[in-house]
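Chain by chain, the residues:
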Amino acid sequence: MAGAMVIIAGLAITFGCVSALLGDTEMLVDFIDEDKLSLEMTVPAIIAVVATNILALTSLGLLFFSLNRFLSIAARGELLLASARKALKRMGIAMILLYLTSRFLAVVIPLAGMQGFWADNALSLPFLFLDLDFLYLLVGVVLLALRQALYEGQAAKEEVRQYV
């Protein structure tokens, strides 16, 4: 199921990016939540589109496969193993990458390819990084903290085992 989700999301993002590179920017403009602004495919905009595509596919793939791995470990009741911590670490990193992807879509691509975007949003540009997508970043940090807690739990378990 995780593979199917990555493929579907990847195809949608890739189709939007490829169609923008070919001149039809409507789908990409819908992705970046701009109201029918003209996205010009300059070299920086093309680089931003390609980087966003790669970042989105990487973060979604890492998130879905790590979540699948973590749930399979949790189903066996082996949360204190190193493999569970690795899966949590990958999930945390994927959530942080997902936040970066959303910021690329909302800020970097319009900044690189829309004339007047900087002038129109100069005062509010710092606040564009604090969106509802900021929750991706918070969840990613929480998952990394949970990974550390599992590590300390395993260390405590080993210490108790040595006393017995």
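Described below are features of the structure shown in this document.

What counts and what doesn't
- Residues numbered from 1 in each chain as written.
- Predicted model: local features only at pLDDT ≥ 70, side-chain atom pairs only at ≥ 80, totals over all residues.
- Heavy atoms only, no water.
- Helix = DSSP H or I, 4+ residues; strand = E, 2+ residues; numbered from the N terminus.
- Contact = heavy atoms within 4.5 Å.
- Areas by Shrake-Rupley, 256 points an atom, 1.4 Å probe, with all protein chains shown as cover.
- Buried < 20%, exposed > 50% of the residue type's maximum accessible area, 1.4 Å probe, protein only.
- Polar contact = N/O pair within 3.5 Å; in protein donor to acceptor, adjacent residues only side chain to side chain.
- Expected span 1.5 Å × (residues − 1).
- Core = buried A, V, L, I, M, F, W, Y, C linked by side-chain atoms within 4.5 Å.
- Patch = residues over 30% accessible without salt bridge, like charges linked within 9 Å, V, L, I, M, F, W, Y side chains within 5 Å.
- Salt bridge = Lys/Arg side-chain N within 4 Å of Asp/Glu carboxyl O.

What follows covers the overall build of the protein. When you go through the protein residue by residue, the secondary structure sums to 6 helices and 0 strands. If you list the helices and strands of the protein from N to C, you get α-α-α-α-α-α. Within the protein, residue pairs in contact and separated by at least 24 positions form 72% of the contacts whose partners lie at least 6 positions apart. Surface accessibility of the protein: about 9800 Å² in total, with carbon and sulfur atoms responsible for 69%.

The next thing to look at is the side chain of serine 59. Here serine 59 lies in helix H3 (residues 43–75). With a relative accessible area of 0%, serine 59 lands in the buried category. Among the polar contacts made by the side chain of serine 59, one reaches the main-chain carbonyl oxygen of alanine 56 at a distance of 3.1 Å. When neighbours within four sequence positions are excluded, serine 59 is seen to be in contact with Ala94, Leu97, Leu98 and Thr101.

Along the chain, the position of valine 142 falls in helix H6 (residues 134–163). Classification of valine 142 as exposed rests on a relative accessible area of 54%. Here the alpha-carbon distance between valine 142 and leucine 88, two residues 54 residues apart in the chain, equals 9.7 Å.

What follows is about H3. Under the 1.5 Å per step criterion, the end-to-end length of H3 is 48 Å for 33 residues, consistent within 8% with the ideal 48 Å. Trailing H3 by a residue or two, glycine 77 shows a phi angle of about 75°, which is positive.

Among the structural elements, threonine 101 can be located in helix H4 (residues 82–113). In this structure threonine 101 comes out as buried when scored by relative accessible area, which is 5%. The residues contacting threonine 101, other than those within four sequence positions of it, are Thr52, Leu55, Ala56 and Ser59.

Counting residues in hydrophobic clusters, the biggest one holds 22 residues, and the most contacted among them are Phe70 and Leu88. When residues of this core are traced back to their parent elements, those giving at least two are helix H1 (2–21), H3, H4 and H6. Ranked by residue count, the leading element in this core is H4, at 9 residues. In this structure leucine 88 touches Phe70, Leu143, Leu146, Arg147 and Leu150, once residues within four positions along its chain are discounted.

On to a nonpolar patch on the surface. Taken together, the side chains of Leu21, Ile46, Val50 and Ile54 define a hydrophobic patch exposed on the protein surface, amounting to about 310 Å² of accessible area. No other element matches H3, which puts 3 residues into the nonpolar patch. Mapped onto the secondary structure, leucine 21 falls in helix H1. A relative accessible area of 38% places leucine 21 in the partly exposed class.

These results come straight from atomic positions and should not be treated as a statement about function.
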